[in-house]
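Each chain is listed here by its residues.
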Amino acid sequence: MKKNLAIICLLLSSITAFSQTFEGKITYTNTYKTKNTKITDQQWETMLGSNQEYFIKGGDYKSVTNGTFVQWQQYINAENKLYIKMANTETLLWNDGSIQGDEILKVEVNKKVTEILDYKCDEVILTCKSGVQKYYFNSKLSVNTKLFANHKFGNWFDYLSKSNSLPLKSIIDTAQFTMESIATEVKPTKLDPKMFELPAGVKTEKSPY
């Protein structure tokens, strides 16, 4: 009886762990294939970053890269704004999360397509006006999709509404390049809420892009 009880407790704790939303850091490696004859793969990598650290807590996230053009992005859920720090200015540019700026033409979901870091991944393919976006995910890295219901920018909610999970890999096709981003480390950990606050006194303005 004690043995059975121990097994039941273990199963329940596992179910609880998997049902909780992911909090922590995911590290990605990014590579680029250019479509612009004036810019090389390496130049895109230098500008946009070959390494990306993604932090998430609840409905807030922050993405930090080693790029020389875009340094970091931060989404503040309460404002539904995505802030971007460029290397050439201390002023943060922001985009309204409710403005999609794209159009989804087709959505496909495929099961058990690949395996990344021992996670078996399903696939979401978004065929958009801007190009094709492919995401590979495992439900163990779940998010509360309701928190991102107004995050239309970048087609983020369209992806989350099908996966309810963070991607372990993505292939984003644009008119300028194709970017492949693949996770090299997943680290669940409790994060300080202050990490998702903007620097004190920082200037902000609406992004022209």
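The structure this text deals with has already been given above.
In this text the structure is predicted, and so the values were computed from the model without any measurement.

Basis of the calculations
Residues numbered from 1 in each chain as written. Predicted model: local features only at pLDDT ≥ 70, side-chain atom pairs only at ≥ 80, totals over all residues. Heavy atoms only, no water. Helix = DSSP H or I, 4+ residues; strand = E, 2+ residues; numbered from the N terminus. Buried < 20%, exposed > 50% of the residue type's maximum accessible area, 1.4 Å probe, protein only. Contact = heavy atoms within 4.5 Å. Pairing = 2+ DSSP bridges. Axes fitted to C-alpha atoms, helices over the stretch in contact; angles between N-to-C directions. Salt bridge = Lys/Arg side-chain N within 4 Å of Asp/Glu carboxyl O. Core = buried A, V, L, I, M, F, W, Y, C linked by side-chain atoms within 4.5 Å.

Novice: How should I be thinking about the environment of Ile-116 in this particular structure?
Specialist: Structurally, Ile-116 can be placed in strand β7 (residues 104–116). Assessed through its relative accessible area of 5%, Ile-116 is described here as buried. Along the sequence, Ile-116 and Ile-171 sit 55 residues apart, while their C-alpha atoms lie 14 Å from each other. Those residues in contact with Ile-116 that sit more than four places away from it in its chain are Cys-121, Tyr-136, Leu-168, Lys-169, Ile-182 and Ala-183.

Novice: Got a minute to help me understand the sheet that holds strand β4 (residues 70–76) in this structure?
Specialist: Note: strands within a sheet are paired through backbone hydrogen bonds, in either parallel or antiparallel orientation. Strand order in the open sheet made by the 12 strands is β7-β8-β9-β10-β11-β1-β2-β3-β4-β5-β6-β12, with mixed pairing throughout. In this open sheet, the two strands that pair with only one neighbour each are β7 and β12 (204–206). Recorded for the sheet is a direction-independent mean angle of 20° between the axes of neighbouring strands. In this sheet, strand β2 (residues 51–57) lies alongside strand β1 (residues 24–34) in antiparallel orientation, the contact comprising 6 bridges. Within the sheet, the bridge partner assigned to Ile-26 lies in β2 and is Tyr-54. Sheet contacts for helix α2 (residues 41–48): β1, β3 (60–65), β4 and β11 (177–188); angle to β1, the most-contacted strand, approximately 150°. Each of β2, β3, β7, β8 (119–128), β9 (131–142) and β10 (165–173) touches helix α3 (residues 156–163); the most contacted strand, β10, lies at about 130° to it.

Novice: What is the right way to look at the pattern of salt bridges in this model?
Specialist: Oppositely charged side chains can form a pair if their charged atoms are brought close together. For the structure on display, the rule yields 9 salt bridges. The salt bridge partner of Lys-111 is Asp-122, with a shortest N-O separation of 3.6 Å. Here Asp-122 lies in strand β8 and Lys-111 lies in strand β7, a separation of 11 residues in the sequence. A relative accessible area of 15% places Asp-122 in the buried class. Here the salt bridges share partners, and the residues they tie into one network are Glu-23, Lys-57 and Lys-190.

Novice: What exactly am I supposed to notice about the nonpolar core here?
Specialist: Side chains of nonpolar character tend, in soluble globular proteins, to be buried together. One finds Ile-26, Ile-56, Tyr-61, Phe-148, Trp-156, Tyr-159 and Leu-166 to be the most contacted residues of the largest nonpolar core, which totals 32 residues. At the level of secondary structure, the elements contributing two or more residues to this core comprise β1, β2, β8, β9, α3, β10 and β11. Other than its neighbours up to four places away in sequence, Ile-56 contacts Phe-22, Glu-23, Gly-24, Tyr-61, Val-143, Phe-148, Leu-166, Leu-191 and Phe-196. Counting 5 residues, the second-largest nonpolar core is a separate cluster that includes Trp-72, Ile-76, Leu-92 and Trp-94.

Novice: Is there a simple way to think about unusual backbone geometry in this case?
Specialist: Peptide bonds are trans in most cases, and residues, glycine excluded, mostly fall at negative phi. Even without being a glycine, Lys-112 presents a positive backbone phi close to 45°. Relative to the helices and strands, Lys-112 resides in strand β7. Look at Lys-112 and you get exposed, because its relative accessible area is 71%. In this structure, Asn-155 takes a positive phi of about 60° despite not being glycine.

Novice: Would you mind going over the pairing of β8 with me for this structure?
Specialist: For a regular strand, side chains alternate in direction, first toward one face of the sheet and then toward the other. Counting buried residues along β8, 7 of its 10 residues qualify, which places the element largely inside the surrounding structure. Pairing of β7 with β8 involves 9 bridges; the strand directions are antiparallel. Its bridge partner lying in β8, Val-107 is registered against Leu-126. Of the strand pairs in this sheet, β8 and β9 are connected by 7 bridges, and their pairing is antiparallel. Its bridge partner being in β9, Leu-126 is matched across the sheet by Gln-133.

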